[in-house]
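Fold and geometry: a report
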Amino acid sequence: MVISALSFLAGLLLVQQYPVLPDIKWLIVGAVVAGIIAWLRYWQWLFFVVGVLWAIVFAMHRLSDQLPEQLEGVEVRVTGTVADLPEQDEKRVRFDFIPRDEVYAANPSGTGAAIPRDEVYAGRGDRRVAFENVATIPKPAQQLPAKLRLTWYYPDQQIKAGQHWAFTVKLKRIHGTMNPGGFDYERWLFTEGIGATGYVRPHQRPVLLGRDSAWNSISVWRQSIADQLSLILGNSRSFALIKALTIGDGSSIIQQQWEVFRKTGTTHLVVISGSHIGLVAGLVYFLVLKLWAWTGWLAWPPQRVAAVSAVLVAVFYSGLAGFSVPTQRSVVMVSIAMTAIILQRNSRPFNTLAIALFAVLIFDPLAVLAAGFWLSFLAVSVIVYAVSGRLGKLGYFWGAIKIHWVTSLGLSPLLLLFFQQVSLIAPLANLVAVPVISLLVVPLSLLAVMVMFVSSMLAGKLFYWVDHVLQGLWWLLDYLAELPMASITHASPSYWALFFAVPGALLLLAPIGIPARWLSLVMFLPLVVTDTKRPETGDINMTLLDVGQGLSVVVQTTDHLLVYDTGMRFSADSDMGQRVLLPFLHAQGIAKIDSLIISHGDNDHIGGAVSLMRGMDTEKVLTSVPQLLSEYAPTECVAGQSWLWNEVKFTILAPQQAFVSENDNSCVLKIESKHGTVLLTGDIEATAESWLVETYGEALKANVLVAPHHGSKTSSTAGFLRAVQPDYVLIPAGYRNQFGHPHQDVLTRYRRVNAKWLSSADSGAIVVNVENNAWAVRGMRQTESKYWNFR
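The present account deals with the structure reproduced in this document. Bear in mind the structure is a predicted one, so any value in this text is a computation, not a measurement.

Rules used in this analysis
Residues numbered from 1 in each chain as written. Predicted model: local features only at pLDDT ≥ 70, side-chain atom pairs only at ≥ 80, totals over all residues. Heavy atoms only, no water. Core = buried A, V, L, I, M, F, W, Y, C linked by side-chain atoms within 4.5 Å. Buried < 20%, exposed > 50% of the residue type's maximum accessible area, 1.4 Å probe, protein only. Helix = DSSP H or I, 4+ residues; strand = E, 2+ residues; numbered from the N terminus. Contact = heavy atoms within 4.5 Å. Pairing = 2+ DSSP bridges. Phe/Tyr/Trp six-rings, centres within 6.5 Å; stacked < 30°, edge-to-face > 60°. Axes fitted to C-alpha atoms, helices over the stretch in contact; angles between N-to-C directions. Salt bridge = Lys/Arg side-chain N within 4 Å of Asp/Glu carboxyl O. Parallel < 35°, antiparallel > 145°, perpendicular 65-115°, else oblique. Nonpolar A, V, L, I, M, F, W, Y, C, P; charged D, E, K, R; others polar.

One finds Leu229, Ile253, Ile437, Phe463 and Leu470 to be the most contacted residues of the largest nonpolar core, which totals 56 residues. For this core, the leading source of residues is helix α14 (residues 426-451), giving 11 residues. Contacts of Leu229, omitting those with residues within four sequence positions, involve Gly234, Phe239, Ile242, Lys243, Thr246, Met452 and Phe463. If you look at the next biggest cluster of nonpolar residues, it comprises 35 residues, including Phe58, Leu353, Leu357 and Leu366.

This is how it looks when you write it as structure tokens:
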């Protein structure tokens, strides 16, 4: 059973490496091959082929439910239901939306009227789109996806789960930033079944049409609990944690808290995860088993009653979390284990785990794309491997220490792969946090949730104690997180390093009698000693990061690193420094920034600077707006500043004088390496470009130009481009940005000087490095895309 499950898993994994899915004829070939293998009774190979076929069919179905290109950017009037708890910050509310009935094109007259039902529709099923100009819609007609992710900026009404709304929205296809080491937003949307994103338009006022009943909607039930928690807990400092632990909504947890949980290795305890479901189900099983046996009423065996109770509680708790994917996996595993008890089958632990693996992957083959899938199954596997079949029996205390130790060790290779961070303090932190959360906080919180609609006073008393326990636990975790070497950050390991490290961990956790266990330490060496590729002396590696409508460039020499601009800040807890820059630098194994240059004070250039400097040591800051970063003792950038790193020369060309426009006061940086020159220009426009041409003339010549002002029509003037004569122009621009960057006139100018151009909107992060003694310029979407990524 275990080999069959792993074969099925391997087939699913193979498909996730495809840049493009095979067409239907290969499915027919695969089905024929599967039939031949079944006839020959090569069962393991059969499961592998079936895994491949199932992954392809499921992915094809999911890809078919995405926004057609013809509907992108079209304003439509859509009615539907808010699918789950919304995420709110000071500027916007974001929510999943399930469209229902007809979806009409917005009426340009502004009356909000829709086209009558008897006119021509583009669409099918119950999600049809009616257009005022039918001639512009290609045939065959298309339909909207089953689920949308919408944003409403500065809403004037409250959005709650289960509400029915009529919105005017503008939609776009799935598209996110794409960077090395970064979060793949497109993959996450794909696995969540979201086929388009968009935002609510202010004209044609949104209309609330009604709301589902809590009796027929889990999301409304969860929303009611969230509202009641807000009333009872008020301004409690533990409100965000209690909401996360009861209904699985971690959107209120601030970035500082997440950082403490990461450093202490307790993130898995914050929201309802698989471990919560298993621990609560286990606790209920133990209590019901003892209580039922104590009553003496043995018409039904205590084991069966306890098992059924554990499954019911697991389903109930998973429902509180909205049946999220991690809780679904845990419910399946608990159900299979408890079914074996009910049927009085003495199954082996790994066979039970294999059946659970089959069930999860058949239900959702895309689960293999989630880090939580690997961490949850590996955690259970490591615990079973380390504690089952051992002759010696440890007490509760030493047994708990062993479980936390082996889990931390066994998961460390994957934690480095997924997050480039491992908590060294995790065994100690979890030794305290797990029993506190599992035996005190979660049971009391669930009890309070069950009684708060009957007696808010009693619920308030219970939450009072929960609040004090969580405050004490938070004090301890915060203290542990501040300890030296509480966690380590390391470059992403290669798959070859994991190939040795995972068996090494199993050997280290093997029974004491196994010979040569010391070899496990040797097998860990490739994981620890990661040799990141650095440029040779006189060369650079440069990455124009994909930060949407903003700019951030990382330049690396043999021993030094420079960051030029940091992208945009969206809210107090979200910016491109934290989202993109820090993950990229961690994935590259970089521990220090030698120089940070902030070209000017616009949000899309300076927004991520504070998060970046808080997350990584920064030796020097240069900027044209030192007053905005005064607490970091910056140096004002002025024309003429120059330095040499590993035979690569860096020179500030501007500003030398103050221009009226802040854009024109951007720091302009020239980088000269032995294979070519790069020019970074910030947001300069025609006035500053003219000054640069007059001041430097032919000295402006560069092989690679990062487009001034994102390719706006007020920059990249013809005279400036003739002076620079770039071979490549890299354009930092957001997909379908509101400014229309890059402007078509500017692209025409690039063609006239025979420059090749790449845009981060289409190419993702753009890497410039040296290959075969010449510069190579490549976009990440062209080299690293998978079948779910935007093209």
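In space, the eight strands of this open sheet follow the order β21-β20-β18-β14-β13-β12-β29-β30, with mixed pairing throughout. Edge strands, defined here as strands with exactly one partner in the open sheet, are β21 (635-636) and β30 (774-779). Pairing analysis gives four bridges linking strand β13 (residues 553-556) to strand β14 (residues 561-564), with the strands arranged antiparallel. When the sheet's bridge partners are listed, Gln556 is paired in β14 with Leu561.

Further remarks concern the packing of aromatic side chains. Throughout the structure, instances matching the rule amount to 29 aromatic pairs. Geometrically, the ring pair formed by Trp54 and Phe58 is edge-to-face, given 5.6 Å between the ring centres and 70 degrees between the ring planes. Linking Trp54 with Phe58, this pair stays in helix α3 (residues 43-64), spanning four residues, or about one helical turn. On the basis of relative accessibility, which here comes to 13%, the residue Phe58 falls in the buried class. Ring pairs connect the aromatic residues Phe95, Phe97, Trp152, Trp165 and Phe167, which therefore count as one cluster.

Here we have seven strands laid out as an open sheet, ordered β22-β23-β24-β25-β26-β27-β28, and mixed in their pairing. With one partner strand each, in any of the chains shown, β22 (642-645) and β28 (756-759) form the two edges of the open sheet. This sheet shows a mean twist of 15 degrees between the axes of neighbouring strands, independent of strand direction. Where helix α21 (residues 686-696) meets the sheet, it contacts β23 (648-654) and β24 (668-673), and its direction lies at approximately 120 degrees from that of β23.

For the coordinates displayed, the defined rule picks out 15 salt bridges. For the salt bridge of Asp89 with Arg92, the shortest nitrogen-to-oxygen distance reads 3.4 Å. With relative accessibility at 24%, the residue Asp89 sits in the partly exposed group. Looking at Arg92, the relative accessible area reads 10%, which means it is buried. Three or more residues joined by partner-sharing salt bridges are found here, namely Glu69, Glu72 and Arg173.

Once that is clear, we can look at the packing of helix α5 (residues 218-233) against helix α9 (residues 302-320). Two quantities define a packed helix pair, namely the angle between the axes and the distance from one axis to the other. Where α5 meets α9, the closest approach of the two axes is 9 Å, and the angle between their N-to-C directions is 75 degrees. Between α5 and α9, the angle falls in the class roughly perpendicular. Where α5 abuts α9, its residues Ile218, Trp221, Arg222 and Ile225 lie against Phe316, Gly319 and Leu320. For the contact of α5 with α9, the class distribution of residues is five nonpolar, one polar and one charged.

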